[in-house]
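# Residue-level structure breakdown
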Amino acid sequence: MSPFALLLSAITIKTSALTKRRASNRGCGAVTLKRTEQNAIQVRMLVTPLPSPMPVLEGLWGADIRLQDSGLGGVVDVCPEDAPSSPMWDTLRTPPVTCGGGLSLALELPALIRQLRAAWRARRGGAQSPPKSRSEDWVEPEEGVAEEVEQVPEEDQLKQEADGRVRTRHAGVLLERRGSYPLIDLRIINTSAQQGEIELCNRRKVKRLLSFQRYCHSSRLLRGLVPHTPGSMHLLDDDYLGQAGHMLSKVSTWNFDIFLFDRLTNGNSLVTLMCHLFNVYDLVHHFQLDMVKLHRFLGMVQEDYHSQNPYHNAVHAADVTQAMYCYLKEPKLAEQLSPLDIFLGLMAAAAHDVDHPGVNQPFLIKTHHHLASLYQNTSVLESHHWRSTVGMLRESGLLSHLPPDMSQDIEQQLGSLILATDISRQNEFLLSLREHLDQQDLDLQLPSDRHFILQIALKCADVCNPCRVWELSRQWSERVCEEFYRQGDLERKFDLEISPLCDQHTDSVPAIQIGFISYIVEPLFEEWHRFTEASLLSQTMMGHLHKNKARWTRLRFAHSPTDTQDEEAELEGGGDGDIP
């Protein structure tokens, strides 16, 4: 609980009560507060007696509930019996306020806020900030909450990320600290960045953490507006929560709109989806997972995806996770999977691109990035995703209660699944799957064969965008091409050779998508279609794949931008019957 939440649950001073008290004490020389100051002091008070001093304020509150503040020159009773004309009121500058239960309150709110902040920082182990001047006491900035939320994590993160990565002897795995992604100045890529963009990014992060309703509620409090309904502070707005819950009830359908779901969850689609799927499979109970540690781990994974990436971001991870869930429910596979297989499949899908820098492996190699040297130019990004995931698992302590050999095995299998998403190993896995299907020697009762199928399923989920409905598939296609073009612009800026598919002047979106479908997606999903024995989901995906390829083909051969727009409008308007 934050100090502001503690303050809200401990005190209530309403403007109306303060105004009445001011009117009754005009002859006592009470100091008149400005209206803006009255609006800034919107604090709630519970008049029910406290059974004992609050533990978070040990050392600051005594048994008689006395507030110690060096700035006030001594110890001040919260409910003193002194008359308003006594010297104490000259120091406090505020007359006593009588509440409905007969309690009188005499305190200086900024001093109490400072004490609560100091208690919170002392409990967190942080340093106390220097005291403010008297002129700053009565005016608290509206962004105060955001500053407090951001201060401690940034200090801790700077300490943790000082060396970029850390070596550990446990399990012989090289871990990488979060934030060790390639040191690329993204402001060079995004030429529209302005001076205040970093502060805006911090505000967006706070908004995401507070969620829709809590952010609006906090804004009303900070601006001195009285909440319209009591108890209206929720993790999500009721309407948004209901719509997101309704979408989760249809998470197993292939036309699941992950973009809408991400908006309804206020940017927390990955965490919300993973928690839901863990409950669906009862993985929390089976592995005796700590929900606090689980939520912490998932939050770390979601935050480590770069939101500035058009494609490789947390929404892509949530989309791959939802596709992986659909594949795990395939009739031929669902009956054979163990809880460990499901756990590994969902975890690998959620973290398979974590901390992706928005550039590909050839870019890291030709710029001599330290990750390329570390992994010897082999599966550079995939190795980084895996090591980052293992680092977050250990940092969160999610698997700390499991036997060491079991947790080590989980880490190694996660690595095997994530490394399988390397596109340069596409032919290796495709030929192996084709050989198994030709010889019909796959035995899903064997853990090794089930693990191989999980690798294939994750590869399919990672490139399944052309198999979605056209409205979703086109959005993903435009996003991935935009990320390619940004890399090409960066390479052009520094006189580097432009990577294939990254030149927006010569590589069009339809041309990129046709090549991607023809050489990567179609061969893989044809073999997956064979494995699932033409399941209903597989037939649906193949149907979308062929239609989308035909649409991109027609868009590619449009002669002008006007023709392209007309062709696209025709396709969206129900031109499926014209596609051969």
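Owing to the predicted nature of the structure, the values given are computational and were not obtained by experimental measurement. (Residues numbered from 1 in each chain as written. Predicted model: local features only at pLDDT ≥ 70, side-chain atom pairs only at ≥ 80, totals over all residues. Heavy atoms only, no water.)

Here the focus is the overall build of the chain. Scanning the chain for helices and strands turns up 28 helices and six strands. A total of 580 residues make up the chain; the buried ones form 47% of that total. Pairs at least 24 residues apart make up 71% of the contacts formed inside the chain by residues separated by at least 6 positions. Of the roughly 29,200 Å² that the chain leaves accessible, carbon and sulfur atoms contribute 53%. (Helix = DSSP H or I, 4+ residues; strand = E, 2+ residues; numbered from the N terminus. Buried < 20%, exposed > 50% of the residue type's maximum accessible area, 1.4 Å probe, protein only. Contact = heavy atoms within 4.5 Å. Areas by Shrake-Rupley, 256 points an atom, 1.4 Å probe, with all protein chains shown as cover.)

By size, the foremost hydrophobic cluster in this structure holds 103 residues, and its most contacted members are Trp 254, Phe 278, Tyr 327, Phe 343, Met 347, Phe 525 and Trp 528. The biggest single contributor to this core is helix α16 (residues 314-328), with eleven residues. Phe 363, Leu 364, Val 380 and Leu 490 belong to the second-largest nonpolar core, a separate cluster that totals nine residues. (Core = buried A, V, L, I, M, F, W, Y, C linked by side-chain atoms within 4.5 Å.)

Following both chains from N to C, one finds helix α23 (residues 426-439) and helix α26 (residues 509-531) inclined at 25°, their axes separated by 10 Å at the closest point. Judged by the angle between their axes, α23 and α26 are roughly parallel. Crossing geometry of α23 relative to α26 is assigned as left-handed. Between α23, through Gln 426, Leu 430, Leu 433, Arg 434, Leu 437 and Asp 438, and α26, the contact on the second element is made entirely by Ile 520, Pro 523, Leu 524, Glu 527, Trp 528, Arg 530 and Phe 531. Each residue belonging to the contact of α23 with α26 can be placed in one class, and the counts come to eight nonpolar, one polar and four charged. (Axes fitted to C-alpha atoms, helices over the stretch in contact; angles between N-to-C directions. Parallel < 35°, antiparallel > 145°, perpendicular 65-115°, else oblique. Left-handed = near helix turned anticlockwise from the far one by under 90°. Nonpolar A, V, L, I, M, F, W, Y, C, P; charged D, E, K, R; others polar.)

Let us now look at the side chain of Lys 459. Tracing the backbone shows Lys 459 in helix α24 (residues 447-462). Although Lys 459 is buried, it forms no salt bridge, and the closest oppositely charged side chain is Asp 462 at an N-O distance of 7.1 Å. For Lys 459, the side chain forms a polar contact with the main-chain oxygen of Ala 420, separated by 3.1 Å. Setting aside chain neighbours within four positions, we find Lys 459 in contact with Ala 420, Thr 421, Asp 422, Gln 426, Phe 429 and Leu 524. (Lys, Arg positive; Asp, Glu negative; His and termini not counted. Salt bridge = Lys/Arg side-chain N within 4 Å of Asp/Glu carboxyl O. Polar contact = N/O pair within 3.5 Å; in protein donor to acceptor, adjacent residues only side chain to side chain.)

If you trace the backbone, Asp 503 turns up in the loop between α25 (470-493) and α26. Only 2.9 Å separates the side chain of Asp 503 from the side chain of Arg 492, close enough to count as a polar contact. Discounting chain neighbours no more than four positions away, the residues touching Asp 503 are Tyr 485, Arg 492 and Ile 498.

This part is about the confidence of the model for the chain. Chain-level pLDDT for the chain is 73 on average; 56% of the residues reach the 70-or-more range. This model gives residues 12-19 a pLDDT under 50, and the stretch forms 16 contacts once residues within four places in sequence are excluded. Scored below 50 in pLDDT, residues 209-236 makes 40 contacts in the model with residues more than four places away or belonging to other chains. (pLDDT = per-residue confidence, 0-100.)

What follows is about the packing of helix α13 (residues 269-280) against helix α15 (residues 291-304). Viewed as axis vectors pointing N to C, α13 and α15 meet at an angle of 145°, and their least axial separation amounts to 9 Å. Judged by the twist between their axes, the crossing of α13 over α15 is right-handed. Facing Ser 269, Leu 270, Val 271, Met 274, Cys 275 and Phe 278 of α13, the residues of α15 in contact are Leu 294, His 295, Leu 298, Gly 299, Val 301 and Gln 302. A per-class count over the contact of α13 with α15 returns eight nonpolar, four polar and no charged.

Time to look at the environment of Ile 423. Tracing the backbone shows Ile 423 in the loop between α22 (404-419) and α23. Taking the C-alpha atoms as reference, Ile 423 lies 9.9 Å from Asp 462; in sequence the two are 39 residues apart.

Looking now at the pattern of salt bridges. Within the structure shown, the criterion is met by 13 salt bridges. Note that Glu 428 is salt-bridged to Arg 425, the shortest N-O span being 3.0 Å. Here Glu 428 falls in the partly exposed class, since its relative accessible area comes to 46%. Taking the shortest distance from any N to any O, the salt bridge between Arg 492 and Asp 503 comes out at 2.9 Å. Pair noted here: Arg 492 is in helix α25 and Asp 503 is in the loop between α25 and α26, with a separation of eleven residues, a long-range link.

Before going further, it helps to examine α23. The end-to-end C-alpha distance of α23 is 20 Å, a good match for the 20 Å that 14 residues give at a rise of 1.5 Å each. Phi turns positive one or two residues past the end of α23, at Gln 440, with a value near 55°. (Expected span 1.5 Å × (residues − 1).)

All told, the structure shown has ten aromatic pairs when counted by the stated rule. Ring geometry for Tyr 311 and Trp 476: centres 5.6 Å apart, planes at 85°, overall edge-to-face. With a gap of 165 residues between them, Tyr 311 in the loop between α15 and α16 and Trp 476 in helix α25 connect regions that are remote in the sequence. The burial state of Tyr 311 is the same as that of Trp 476; both residues are buried. (Phe/Tyr/Trp six-rings, centres within 6.5 Å; stacked < 30°, edge-to-face > 60°.)

Here we take up the environment of His 356. The residue His 356 is located in the loop between α18 (339-351) and α19 (361-366) in this model. Relative accessible area serves as the criterion here: at 5%, His 356 is assigned to the buried category. Each C-alpha atom, one on His 356 and one on Asn 309, is 8.4 Å from the other, the two residues being 47 residues apart in sequence. When sequence neighbours within four positions are dropped, the list of residues in contact with His 356 reads His 306, Asn 309, His 312, Leu 381, His 385 and Glu 483. Polar side-chain contacts of His 356 include one of 3.0 Å to the backbone nitrogen of Gly 358.

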